[in-house]
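For reference, the chains in residue letters:
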Amino acid sequence: MKNVLLIGMGQFGQILGNKLVNMGDDVMIVDKDENIINTLAPKYTGAVIANCMNEDNLKSLDIPSYDACVVTIADDFQSSLEITSLLRDFNAKYIISKANTEIQKKFLLRAGADEVIYPNRDTAEKLAVKLNAQNVYDYIELDSTYSIFEIAVPTKWIGKSIREVNARAIYDINILTIKKANNIMPMPTPDTVFEEHDKMVIFGNTEKIIAFTNKKK
């Protein structure tokens, strides 16, 4: 369980906050809009109506007590920048700030953010990958070259074992997990046989995996 301070309760902040609460985290939300806070307050551990560009307002929140402080202000980059800087001044343990452009990311990192996220860009890039790959359920980009994908097992592999398909040698991909219905096999053996409707989690070069999913039916 994490103790999180969430500053800015626009659409992204609300989605993030709701997910954190559902995962069992303690979440303190802050926004200068009274109506938003009054509406959302019952769902959260705590809620404060405040302009966090005011140093006294921010300091009163006991910043070092949170495992992470997340700045999700979407429509005012100057505010996001100044709040990020103040959080660093007040000894925040870990600061995550939202950016819309690469230049914003650079300024936020200089201001003290430990991590900068691009919700719009990340969603668009993820969609682009899924549109260009067949039978992909999800993927995680590890860096500019490598990713982890969850994909459908190719039809021609059904009835064959991991040893027989020899995916690492032939396709340069590593099979990490096989999902059979609601069961997960975290460490499949070379003798594990693929069955109809199986999914697999694989690791490898992003471009090679996309090419693999588009060729193998």
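Note that the structure is predicted; figures quoted are calculated from it, not measured. (Residues numbered from 1 in each chain as written. Predicted model: local features only at pLDDT ≥ 70, side-chain atom pairs only at ≥ 80, totals over all residues. Heavy atoms only, no water.)

**Notes on helix α5 (residues 102–111)**
And then number 1: If you check which residues of α5 are buried, you get Q104, L108 and A111. Across the axial projection of α5, the buried residues extend over an arc of 60°, all falling on one side.
And then number 2: The elements touched by buried residues of α5 are α4 (77–89), β5 (95–98) and β6 (115–117).
And then number 3: One or two positions beyond α5, positive phi appears at G112, with a value near 130°. (Buried < 20%, exposed > 50% of the residue type's maximum accessible area, 1.4 Å probe, protein only. Helix = DSSP H or I, 4+ residues; strand = E, 2+ residues; numbered from the N terminus. Arc of directions from axis to C-beta. Contact = heavy atoms within 4.5 Å.)

**Some details on the side chain of T213**
And then number 1: Residue placement: T213 occurs in helix α9 (residues 206–215).
And then number 2: A distance of 2.8 Å separates a polar atom in the side chain of T213 from the backbone oxygen of I210. (Polar contact = N/O pair within 3.5 Å; in protein donor to acceptor, adjacent residues only side chain to side chain.)

**Here we look at unusual backbone geometry**
And then number 1: Unusually for a residue other than glycine, N91 sits at a positive phi of about 65°.
And then number 2: Looking at where N91 falls in the secondary structure, it is placed in the loop between α4 and β5.
And then number 3: Residues other than glycine seldom take positive phi values, yet D172 does so here, at roughly 60°.
And then number 4: By secondary structure assignment, the location of D172 is in the loop between α8 (167–171) and β9 (173–180).

**Concerning a nonpolar patch on the surface**
And then number 1: On the surface, I140, L142 and Y146 cluster together to form a nonpolar patch covering roughly 290 Å² of accessible area.
And then number 2: With respect to the helices and strands, I140 occurs in strand β7 (residues 136–141). (Patch = residues over 30% accessible without salt bridge, like charges linked within 9 Å, V, L, I, M, F, W, Y side chains within 5 Å. Areas by Shrake-Rupley, 256 points an atom, 1.4 Å probe, with all protein chains shown as cover. Salt bridge = Lys/Arg side-chain N within 4 Å of Asp/Glu carboxyl O.)

**A look at the sheet that holds strand β8 (residues 146–152)**
Sheets are built from strands that pair by backbone hydrogen bonding, the pairs being arranged parallel or antiparallel.
And then number 1: Taking strand neighbours across the sheet as the criterion, the five strands line up as β7-β8-β11-β9-β10 in an open arrangement whose pairing is antiparallel. The open sheet terminates on both sides in strands that have one partner only, identified here as β7 and β10 (183–185). Direction aside, neighbouring strands of the sheet carry axes that sit 20° apart on average.
And then number 2: As paired elements, β9 and strand β11 (residues 199–205) share six bridges and run antiparallel to each other. By the bridge assignment for β11, N174 is matched with F203. (Pairing = 2+ DSSP bridges. Axes fitted to C-alpha atoms, helices over the stretch in contact; angles between N-to-C directions.)

So far we have only geometry, and geometry alone does not tell us how the molecule works.
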